[in-house]
Amino acid sequence: MIRRPPRSTPSNSSAASEVDKRQKDGKSVDEIITECEKYIKTWRCYLLVDTLKYLEKGGRLSKAAAFVGTMLDIKPILTIEHGLVESLDKLRGKKKLLDKLIAKIQDDSDFDAENPKFLIVQSDEDKGQEVCEKLRDEYGEDCIEMYGEFGPLIGTHVGRGAIAILVKIVTE
């Protein structure tokens with residue numbers, strides 16, 4: 001069964017769930033913080049936006065870059081490294097974007113293909129369900145640990161149609 005957190009992103013809810021587990025195990029606050037910091041580093045985020053409009057409005061992209069990117073129908077794949085949003089790659093067109101994104105994830109040398117786990121965050125329910133279906137077809141029914149929608153703060157910056165796939169990675 002997929003946990004669906006109420007109005008909170010799955011990444012936050014997943015971390016909160018880990019805190020709860022460790023607290024129930026009787027860990028100290030310092031141990032919980034240390035272990036949760038390690039846990040958070042076991043996930044990598046791949047974010048695909050549907051429009052460059054909100055990245056431009058939020059100051060993450062210049063007007064010129066947004067204009068050219070929109071004209072060429074370029075969709076950036078963004079990631080978060082050390083708390084900063086970075087461009088990982090660029091895809092072109094609308095067809096098969098999700099397939100290309102999943103292929104990019106599979107090409108990641110840190111991707112845990114032996115035990116694939118995903119957290120899905122979306123601002124478009126139909127696209128979110130499509131991603132879930134594709135991942136389940138490829139990796140089985142239990143591969144999605146959590147599914148939810150972007151909260152209002154992140155949703156404002158990514159806009160409608162954005163999808164984030166958080167992937168469990170091998171860290172050692």
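Throughout this document, residue positions are counted from 1 along each chain, in the order its sequence is written. Local features in a predicted model are, by the rule used here, given only for residues with pLDDT of at least 70; side-chain atom pairs are given and counted only at 80 or more, and totals for whole chains, interfaces and linings are based on all residues. Calculation of side-chain values draws on the structure's entire complement of heavy atoms; hydrogens and water are dropped beforehand.

Digging into the pairing of strand 6 (residues 163-168)
Now for step 1: Judged by how many residues are buried, strand 6 sits mostly within the fold: five of six residues are covered.
Now for step 2: By this definition, two strands are paired if DSSP reports at least two bridges between them. Comment: elements are numbered from the N terminus, with helices defined as DSSP H or I runs of at least four residues and strands as E runs of at least two. For strand 1 (residues 43-48) and strand 6, the ladder comprises six bridges, and the chain directions are antiparallel. Pairing of C45 across the sheet is with L166, part of strand 6.
Now for step 3: Two strands pair when backbone bridges link them, and strand 4 (residues 118-122) and strand 6 are joined in this way by five bridges, in the antiparallel orientation. Looking at the pairing, L119 lines up with L166 of strand 6. Classification of residues uses two cut-offs on accessible area relative to the type maximum, computed with a 1.4 Å probe and protein chains only: under 20% is buried, over 50% is exposed, and between them is partly exposed.

Points about a negative patch on the surface
Now for step 1: Where like charges cluster on the molecular surface, the negative patch consists of D126, E130, E133, D137 and E138.
Now for step 2: With respect to the helices, strands and loops of the structure, E130 is situated in helix 6 (residues 125-139). To count toward a patch, a residue needs a relative accessible area over 30% and no salt bridge; like charges are then connected within 9 Å, while nonpolar side chains (Val, Leu, Ile, Met, Phe, Trp, Tyr) are connected within 5 Å. Shrake-Rupley sampling with a 1.4 Å probe provides the accessible areas, and residues are treated as covered by the protein chains on show and by no other component. The salt bridge criterion pairs a side-chain nitrogen of Lys or Arg with a carboxyl oxygen of Asp or Glu, the two atoms within 4 Å. Under the convention used here, Asp and Glu are negative, Lys and Arg are positive, and both His and the chain ends fall outside the count. Where a charge lies is defined by one atom per residue type, namely NZ (Lys), CZ (Arg), CG (Asp) and CD (Glu).

Notes on a nonpolar patch on the surface
Now for step 1: A cluster of nonpolar side chains, namely F67, V68, M71 and L72, defines an oily patch on the protein surface of about 410 Å² accessible area.
Now for step 2: Along the chain, M71 turns up in helix 4 (residues 63-71).

As for the nonpolar core
Nonpolar side chains in soluble globular proteins generally cluster together in the buried interior.
Now for step 1: Take the buried Ala, Val, Leu, Ile, Met, Phe, Trp, Tyr and Cys residues and link them wherever side-chain atoms come within 4.5 Å; each set so joined is a nonpolar core. Counting 21 residues, the largest nonpolar core has L48, L101, I105, F118, I120, L135 and I165 as its most contacted members.
Now for step 2: Among the elements of the structure, strand 1, helix 5 (97-107), strand 4, helix 6, strand 5 (144-149) and strand 6 are those that each provide at least two residues to this core.
Now for step 3: Element by element, the count of residues in this core is highest for helix 5, at five residues.
Now for step 4: Note on contacts: a residue pair qualifies if any of its non-hydrogen atoms lie within 4.5 Å across the two residues. Once residues within four sequence positions are removed from consideration, F118 is found in contact with W43, I105, F111, L135, Y139, C143, I144, E145, M146, I165, L166 and V167.
Now for step 5: Counting residues in each nonpolar core, the second largest holds 17 residues, with C45, A66, L78 and M146 among its members.

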